[in-house]
Amino acid sequence: MSREEKQGLAAALALGGVVAPVAQAYADSGYTVTIESTSDYKVDGQYKVYRLFTGSFADTNTDNGKMGNAVANDNYREDMRTVLNGFLADANKVPAVDAAHSKLVVDTAIADGIAGLPDATTKQKFANKLAAALKDKTGFTSVNAEGGTLSVTGLEAGYYLIVNPDVDNNAMTSAILVPVNHDRKVTIKTSTPTVTKQAKLDGEEAADNVDIGLTGENTLQKVTYVVTGTVASNIDDYDSYNYVITDALPKGLKNTVTQERINTKWNVSINAVSGGTTVSVKDKFTLSLDTSGSSPKMIWTCNDLIDAMGAMDHRSTQIVLTYTPDYTPSELEDSLENAMGAALNSVTLTYSNNPYTGGTSSTAITPADESKVYTYKLALKKVKEDATPLTGAKFTLKRDGAPVFKDLGVGTDGTLAFTGLDSDVEYELSETAVPAGMKSIDPIKFRITATKEADGTVTKVTANKTSDPSSAATFADTTDADNVIDVTVTNIEGADLPLTGQQGIVAGVAVGGIVLTVSLVAISRNRKRSE
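Residues numbered from 1 in each chain as written. Predicted model: local features only at pLDDT ≥ 70, side-chain atom pairs only at ≥ 80, totals over all residues. Heavy atoms only, no water.

## Let's talk about the packing of aromatic side chains
Put simply, the rule is: Here a pair means two rings of Phe, Tyr or Trp (six-membered ring of Trp) with centres within 6.5 Å. Their orientation is stacked below 30 degrees between planes, edge-to-face above 60, and tilted elsewhere. A run of DSSP states H or I qualifies as a helix once it reaches four residues; a run of E qualifies as a strand once it reaches two. Both are numbered from the N-terminal end. Exposure categories follow from relative accessible area, calculated using a 1.4 Å probe and restricted to protein chains: below 20% of the type maximum is buried, above 50% is exposed, and the middle band is partly exposed. Both a distance and an angle decide whether a charge sits over a ring: NZ of Lys or CZ of Arg must be within 6 Å of the ring centre and within 35 degrees of the ring normal.
Taken as a whole and judged by the stated rule, the model has 13 aromatic pairs. Taken together, a centroid distance of 6.2 Å and an interplanar angle of 55° make the contact between F57 and Y159 tilted. Taken together, the positions of F57 in the loop between β2 (46-54) and β3 (71-72) and Y159 in strand β6 (residues 158-163) put the pair 102 residues apart, joining distant regions of the chain. Neither F57 nor Y159 differs from the other in exposure class; each is buried. An aromatic cluster of at least three residues, connected via ring pairs, comprises Y225, W266, Y323 and Y327. For K197, the ring lying beneath its charged end belongs to Y225, and the centroid distance is 4.7 Å.

## Brief notes about the nonpolar core
Put simply, the rule reads: Only buried Ala, Val, Leu, Ile, Met, Phe, Trp, Tyr and Cys residues count toward a nonpolar core, and they belong to the same one when joined by side-chain atoms within 4.5 Å. Whether two residues touch is decided by their heavy atoms; if any such pair falls within 4.5 Å, the residues are in contact.
Judged by nonpolar contacts, the single largest core of 80 residues is most densely connected at Y241, Y243, W300, L305 and F418. Examining the composition of this core, we find that six residues originate from one element, strand β20 (residues 342-352), more than from any other. Apart from the residues lying within four places of it in its own chain, the contact partners of Y243 are G229, T230, V231, F285, W300, T301, C302, L305, I319, L349 and T350. With 30 residues, the next largest nonpolar core counts A115, F126, L134 and A175 among its residues.

## A few points about the environment of G148
With respect to the helices, strands and loops of the structure, G148 is situated in the loop between β4 (141-144) and β5 (149-155). Distance from G148 to S37, taken between C-alpha atoms, is 5.5 Å for residues 111 residues apart in sequence.

## So, the sheet that holds strand β15 (residues 269-274)
The strands that make up a sheet pair up through hydrogen bonds in the backbone, lying either parallel or antiparallel. Keep this limit in mind: Here, strands pair whenever DSSP counts at least two bridges between them. Angles here are taken between N-to-C directions and fall from 0 to 180 degrees, while the axes themselves are lines fitted to C-alpha atoms, restricted in helices to the stretch in contact.
Strand order across the open sheet formed by five strands is β9-β13-β19-β15-β16, with antiparallel pairing between neighbours. Only two strands of the sheet have a single partner each, and these edge strands are β9 (195-200) and β16 (277-280). Taken pair by pair, the neighbouring strands of this sheet meet at an average axis angle of 25°, ignoring direction. Here β15 runs beside strand β19 (residues 318-323); their pairing, made up of five bridges, is antiparallel. Across the sheet, residue N271 finds its bridge partner in β19, namely V320.

## Here we look at empty space enclosed by the protein
Keep this limit in mind: Of the grid points, spaced at 1 Å and generated over the protein atoms alone, those admitting a 1.4 Å probe that cannot get out make up cavities, while open sets with protein on both sides within 12 Å along at least five of seven lines make up pockets; any residue with an atom within 4 Å of a point is treated as lining. Grid points are joined across faces, edges and corners, and a volume is the space filled by probe spheres set on the points. For this scheme, ten residues count as nonpolar: Ala, Val, Leu, Ile, Met, Phe, Trp, Tyr, Cys and Pro. Four count as charged, namely Asp, Glu, Lys and Arg, and the remainder, Gly too, count as polar.
Applying the stated criterion to the full structure yields one cavity of 30 Å³ or more. The computed volume of the largest cavity comes to approximately 40 Å³. Lining the largest cavity are L214, L220, P329, L332, E333, T375, T419 and G420. Mapped onto the lining of the largest cavity, the elements with two or more residues apiece are α7 (329-335) and β26 (415-421). Ranked by residue count, the leading element in the lining of the largest cavity is α7, at three residues. Considering only residue class, the lining of the largest cavity consists of four nonpolar, three polar and one charged.

## Comments concerning unusual backbone geometry
The phi angle of most residues is negative, glycine excepted, and most peptide bonds adopt the trans form. The residue D407 is not glycine, and still its phi comes out positive at about 50°. For D407, the location among the structural elements is in strand β25 (residues 402-409). For D424, which is not a glycine, the phi torsion comes out positive at approximately 60°. Note on placement: D424 falls in the loop between β26 and β27 (426-433). On the basis of relative accessible area, D424 is assigned to the exposed category, the value being 52%.

## Let's talk about the environment of T348
If you trace the backbone, T348 turns up in strand β20. Through-space distance from the C-alpha of T348 to that of G229 is 9.3 Å; in sequence the pair is 119 residues apart. Contact partners of T348, with chain neighbours within four places excluded, come to V195, V244, I245, T246, I365, T366, P367 and A368.

## Let's talk about the sheet that holds β25
Strand order in the open sheet formed by five strands is β25-β24-β27-β28-β29, with antiparallel pairing between adjacent strands. With partners counted over all chains shown, the strands left at the sheet margins are β25 and β29 (458-467), one partner each. Taken over all neighbouring pairs, the strand axes of this sheet differ in orientation by 25° on average, direction set aside. Of the pairings in the sheet, the one linking strand β24 (residues 394-399) to β25 comprises five bridges and is antiparallel in character. Within β25, the position partnered with K394 by the bridge is G409.

## With respect to the confidence of the model for the chain
Let me state the cut-off plainly: A score between 0 and 100, pLDDT records how confident the predictor is in each residue.
The predicted model of the chain averages 84 in pLDDT, with 83% of residues at 70 or higher. For residues 1-25, every residue scores under 50 in pLDDT, and the model assigns this stretch 36 contacts once sequence neighbours within four places are set aside.

## Some thoughts on the pattern of salt bridges
Put simply, the rule is: A side-chain nitrogen of Lys or Arg and a carboxyl oxygen of Asp or Glu constitute a salt bridge if their distance falls within 4 Å.
Under the definition given, this model contains 22 salt bridges. Residues D313 and R315 are paired through a salt bridge, measuring 3.8 Å at the closest nitrogen-oxygen approach. When the shortest N-O distance is used, the salt bridge between D468 and K465 registers 3.1 Å. Judged by its relative accessible area of 40%, K465 falls in the partly exposed class. Here the salt bridges do not stand alone but share partners, grouping D74, R77, K103 and D107 into one network.

## Some details on helix α4 (residues 120-133)
What counts, and what does not: Here a helix's expected span is defined as the number of its residues, less one, multiplied by 1.5 Å. Pairs of N or O atoms within 3.5 Å make up the polar contacts considered here, provided that, within protein, one atom can donate a hydrogen while the other can accept it, and that residues adjacent in sequence are counted only when both atoms are side-chain atoms.
For α4, built from 14 residues, the straight-helix expectation of 20 Å at 1.5 Å per residue is met to within 8% by its first-to-last C-alpha distance of 20 Å. Those residues of α4 lying buried are T122, Q124, F126, A127, N128, L130 and A131. Structurally, α4 contributes buried residues whose contacts are with β2, α2 (77-85), α3 (103-115), β6 and β7 (176-180). The N-capping residue of α4, defined by a side-chain oxygen 3.3 Å from the backbone nitrogen of T121, is D119.

## Considerations on the packing of α2 against α3
What counts, and what does not: By definition in this entry, angles of less than 35 degrees are roughly parallel, angles greater than 145 are roughly antiparallel, angles of 65 to 115 are roughly perpendicular, and the rest are oblique. By the definition used in this description, the sense in which the near helix is turned from the far one sets the handedness, with an anticlockwise turn below a right angle giving left-handed and a clockwise turn giving right-handed.
Following both chains from N to C, one finds α2 and α3 inclined at 45°, their axes separated by 10 Å at the closest point. For the element pair α2 / α3, the angle class is oblique. As α2 packs across α3, the resulting crossing turns out to be left-handed. Residue-level contacts link R77, M80, R81 and L84 of α2 to K103, V106, D107, A109, I110, G113 and I114 of α3. Considered class by class, the residues forming the contact of α2 with α3 number six nonpolar, one polar and four charged.

## Looking at α2
Within α2, seven of the nine residues are buried, leaving the element largely enclosed by the surrounding structure. Among all positions in α2, only R77, D79, M80, R81, V83, L84 and N85 are buried. Tucked into the core, α2 has its buried residues touching β2, β3, α3 and α4.

Written out as structure tokens, the structure is:
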């Protein structure tokens, strides 16, 4: 039987109030619909193919979707009518099949109503809602994608709905409503949203990992976090789009961070950015704080990102959250979680991923993206020449001439720690109180170097002296992967006189010169008297 004969028979049966049963597999001949993978999405798994209508089209060379003798699938007619009526004005709603309205009349009205939907966005939303309505219906054909391509072959002319029923923690593809009047190649509409978290210092570009340190006593270098999220490329196919940024903060803030502190002191901004357009959407997000775990979490929730973005090009829009925490040195020190001295931060994004339900009932979560803020520690040990620990010493540590630690004393074991040091900065360590019976030493200058991988992850930390006139400091050859720089500072027994390079030596030379001059004068006078 030819295609035209099949269509004529179906129409005749419809006039008699009966429609031939739906086939469970398609014939070997007929039209083919092909869906190929894109850079954003791999076509994979099993798809459901619903045959909605059979019938002819007015023009087989165009995609206008205007059918002639449309015959609806009995399994789906009422669902199509109900969903379609949700898009039509009261005067245009399609009636149910009854004594006054034959299947032919109803089917034609449904087909004309679908073809007459005003634009592609509306048709897509109709397709998604119909997919949701047909979710538990039978009569579809299952087709497996192979090698990143889905080929549905042997199709009669008509309307088909192709649905990906699997989410698998990413953005579900929009339902594909396709009029088949010739072989078709369809572009999939989806991409998986992503989220990244980076950190930046003033005047520098954002990076996955950064180093910070104290710039003065109890003054910590400011770091700004930049969280960037994307949206699914088919976001406009949703009625609403849930968007939740969950930002895990360093653990040292667990007992000190509050919503008021975040809102008033962290300079928070949330912007929608598309091309050269930036629009603040912070007022569309609500903040909640979860301190139940080991690390506190900021949770920024927007119930409808589509509404928040307004008239922007939604598909290319990024949501950018920035904030600058007012960390205290003690909070930073309490946040250091691994051997390398990193304060860990991570972010996940929860987003709507089922356009079939309008975006209100199904969400997925991205993998966490992590950013690290590194700071380093100087572990000092004060000893005599025989390595015996010394007490009574005090030290001041300066960065760029400004004290970051001032007059700190060693413990009973001769040790002292400075936490909150930066890399690639020259520090000056000065002994401000000399242990009893020891000679003082000149200031020691040094620089910390962090060995990093391409993404900024620190693998090794070392320190190199840039000045040590007294030869008092010995920095350990660090081979272990931690953030601690070990230095031993040695004092020599003797009067508290400078070892080198200080004014006391000059004064001593001057006094010696005076004594020598007086002695020479006395000798000269004695010689004259004896003559």
